[in-house]
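Listed here are the chains, written in short residue letters.
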Amino acid sequence: MRACLSLATVAAAALGFLHPALATPPGSLAEVSQFAAPVPRDVALVDVNVIDGTGSPARAHQTLVIKDGRIAAIGPTEGLRIPTGVEQRRLPGRSVLPGLVMLHEHMMYFSGFRVWHSQAVSFPRLYLAAGVTTLRTAGTDVPMTDLNLKLAIDEHRIAGPRMFVTGPFFNGYDDHFLGDDIVRTEAEGRREVRYWAARGATSFKIYSALSHDAARGVIAEAHAHHLLVTGHLGRIGCREAVELGIDNIEHSFQACLAELAAGAADGQAPAPPDPAKAAALVRLLVRGGVVLTTTPASLDRPLSAEERALLHPTALGNYDAWFARPREESGAAQDYVRTLERQFIAAGGRLVIGSDAQDHGQIAGYADHHALEALVDAGHPPLSVLRMATLDGARFLGIDGEVGSLAVGKRADLVVIAGDPSRTMADIEAVELVFKDGQAFDPKALRASVRGLVGWQ
Ligand SMILES: [Zn+2]
């Protein structure tokens, strides 16, 4: 085992991927193996309900064979020949679906005073425990920590999902957080993209106070590197962002509501949306091939006892104080965002999903499940939501040839669930086993190891 690790480390160093800070690597193979479930590498999951991630209906009484880290066979249990040497696990009443591919994730949590702490210990384990086997971060205060964390996960030194790292938040000076990368001009936009791309960031995020010129620099330079740009928009509107060539917009239509207003707001309530303006924006987004990331957080839902036990006492105190305070009514705006999302999909638009777990008791993994449930509650068919959270996410990242659906030859990234989330989405919470590249992980062990740590580490 040690020989494998040092070979991987040497190979990474030779390719120039290993940051000098990792000369003494954090974690170890032993750290990862403590979360391994007692399931052999080559195994047949027998008599399961297969939800393949393509949006096709679930198929009952199937057997799925995992061999050498990949899916070797899928078919009706009756009649499927299981290769010799492959152990059988009968799992009646369980569904198997592709590992979730979630696109607005964070490895940090709000600590107060416009600063976020890295959650490099707790969040990778909690994402994995929830069946999130691939994720894209959506900005960070601690880009080097995220980049080195990705490396450690790739080298099997830390248990966590496959990571695609977005660099720091590119923001204007007028209204920035303390961890933002302040970018004032087009030239600075180009310079920052070059810097973070060289360090391993594969996606970039423009934030709400970034200027038009700076955004133009970021987008042009990222596209020159064949990398994508997303945005939490504000100063730049949705229409303007499409015209600048943005690839992806976070929080879907949330940032577009102001420009869809039929008239001036009275200062109290938001102005009602204009359906003609909304239809025109939907057409523009679809024509521009812009992918929207929806992040439907369930902020009104109190935390479960299990979630509360994961939070560090300080983070729990902050959450309780925040939850108890009087809050603004955002229900009507949220409902309208969900309506626009359905119109966008009906017009051929591509919607992907993220949890945006980084504050307000939104915990990695748990918040991902709640986002899927919220979309079903908002009227999306469960099979469509599951496809968005698997195959569509993988397609967005350009890795759908390898992961994102259950198909022979693909990597064995999959989740075993007690129940059937294609009928009852809440079943998605009952994760029994998670496979990543054929390695089985135990969700209970992953979660138990980080009790009391969320918000701190
Ligand atoms: Zn976010």
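Remember, it's a predicted structure, so these values are computed and weren't measured experimentally.

Draft legend 1. Structural detail: the packing of helix H9 (residues 275–287) against helix H12 (residues 331–346). Viewed as axis vectors pointing N to C, H9 and H12 meet at an angle of 50°, and their least axial separation amounts to 10 Å. Comparing their axes, H12 and H9 come out oblique. With respect to the hand of their crossing, H9 and H12 are arranged in right-handed fashion. Of the residues in H12, those touching H9 at Ala-278, Val-282, Leu-285 and Val-286 are Tyr-336, Leu-340, Gln-343 and Phe-344. Here the contact of H9 with H12 is built from residues that sort into seven nonpolar, one polar and no charged.

Draft legend 2. Representation of helix H4 (residues 143–154) within the structure. Look at H4: 17 Å from first C-alpha to last across twelve residues, which is about the 16 Å you get at 1.5 Å a residue. If you follow the buried residues of H4, they end up packed against helix H3 (122–129), strand E9 (132–137), strand E10 (162–164), strand E11 (166–171), helix H5 (186–199) and strand E19 (431–436). Looking one or two residues beyond H4, the residue adopting positive phi is His-156, at roughly 60°.

Draft legend 3. Examining the pairing of strand E16 (residues 291–294) more closely. By the alternation rule, side chains of E16 split into Val-291 and Thr-293 and Leu-292 and Thr-294, which are all buried. Bridging between strand E15 (residues 248–250) and E16 involves three bridges; their strand directions are parallel. Along E16, the bridge assignment pairs Asn-248 with Val-291. The sheet contact formed by E16 and strand E17 (residues 351–353) spans three bridges and is parallel. From the neighbouring strand, Leu-292 faces E17, where its bridge partner is Leu-351.

Draft legend 4. Quick peek at the nonpolar core. Of all hydrophobic cores here, the largest spans 94 residues; its most connected members are Phe-204, Phe-253 and Leu-372. Composition of this core by domain shows at least three residues from each of domain 1 (43–97 + 406–448) and domain 2 (100–397). The contact partners of Phe-204, leaving out residues within four places of it in the chain, are Thr-166, Phe-170, Val-193, Trp-196, Ala-197, Val-218, Ala-222, Leu-227, Leu-228, Val-229 and Thr-230.

Draft legend 5. Local environment of the packing of H5 against helix H6 (residues 212–224). At their nearest, the axes of H5 and H6 sit 7 Å apart, and the two run at 35° to each other. Seen from above, H5 lies across H6 with right-handed handedness. Across the interface between the two elements, Glu-186, Gly-189, Arg-190, Val-193 and Arg-194 from H5 touch Asp-213, Ala-214, Arg-216, Gly-217, Val-218, Ala-220, Glu-221 and Ala-222 from H6. Here the residues of the contact of H5 with H6 sort into five nonpolar, two polar and six charged.

Draft legend 6. View of the side chain of Glu-307. Looking at the secondary structure, you find Glu-307 in helix H10 (residues 305–310). Ignoring sequence-local partners within four residues, the contact set of Glu-307 consists of Arg-301, Ile-363, Tyr-366 and His-370.

Draft legend 7. Focus on the sheet that holds E16. Here we have seven strands laid out as an open sheet, ordered E12-E11-E13-E14-E15-E16-E17, and parallel in their pairing. Each having just a single partner strand, strand E12 (181–182) and E17 make up the two edges of the open sheet. As paired elements, E11 and E12 share two bridges and run parallel to each other. Within E12, the residue paired with Phe-170 across the bridge is Asp-181. Along the sheet, H6 makes contact with E11, strand E13 (203–206) and strand E14 (228–231), crossing E13 at roughly 170°.

Draft legend 8. Region of interest: the packing of aromatic side chains. Counting across every chain of the model gives twelve aromatic pairs. Centroid distance Phe-110 to Trp-116: 4.8 Å. Interplanar angle 55°. Geometry classified as tilted. When its relative accessible area of 26% is taken as the criterion, Phe-110 is described as partly exposed. Residue Trp-116 is classed as buried on the basis of its relative accessible area of 12%. Each ring, one from Phe-177 and one from Tyr-207, has its centre 6.1 Å from the other, and the planes form 75°; the classification is edge-to-face. Placement of the pair is Phe-177 in the loop between E11 and E12 and Tyr-207 in the loop between E13 and H6, with a sequence separation of 30 residues. Of the residues examined, Phe-177 reaches a relative accessible area of 21% and is grouped as partly exposed. According to the relative accessible area criterion, Tyr-207 is buried, its value standing at 14%. Following the ring pairs from residue to residue traces out a cluster consisting of Phe-110, Trp-116, Phe-169, Phe-177 and Tyr-207. Just above the ring of Phe-164 sits the side chain of Lys-150; from NZ or CZ to the centre is 5.8 Å. If you follow Arg-184 out to its NZ or CZ, it ends over the ring of Tyr-173, 4.9 Å from the centre.

Draft legend 9. Quick peek at the coordination of the zinc ion. Within the protein, the atoms that donate to the zinc ion are His-104 (NE2), His-106 (NE2) and Asp-356 (OD), at distances of 2.1 Å. Look at where the donors of the zinc ion fall in the sequence and you get H-x1-H-x249-D. Of this pair, His-104 sits in strand E6 (residues 100–105) while Asp-356 sits in the loop between E17 and helix H13 (366–377), and the two are 252 residues apart along the sequence. Like His-104, the residue Asp-356 is buried in the burial classification.

What counts as what
Residues numbered from 1 in each chain as written. Predicted model: local features only at pLDDT ≥ 70, side-chain atom pairs only at ≥ 80, totals over all residues. Heavy atoms only, no water. Axes fitted to C-alpha atoms, helices over the stretch in contact; angles between N-to-C directions. Helix = DSSP H or I, 4+ residues; strand = E, 2+ residues; numbered from the N terminus. Parallel < 35°, antiparallel > 145°, perpendicular 65-115°, else oblique. Left-handed = near helix turned anticlockwise from the far one by under 90°. Contact = heavy atoms within 4.5 Å. Nonpolar A, V, L, I, M, F, W, Y, C, P; charged D, E, K, R; others polar. Expected span 1.5 Å × (residues − 1). Buried < 20%, exposed > 50% of the residue type's maximum accessible area, 1.4 Å probe, protein only. Pairing = 2+ DSSP bridges. Core = buried A, V, L, I, M, F, W, Y, C linked by side-chain atoms within 4.5 Å. Domains from an automatic or database assignment. Phe/Tyr/Trp six-rings, centres within 6.5 Å; stacked < 30°, edge-to-face > 60°. Lys NZ or Arg CZ within 6 Å of the ring centre and 35° of its normal. Donors = N, O, S within 2.8 Å, 3.2 Å for Na, K, Ca; no water.

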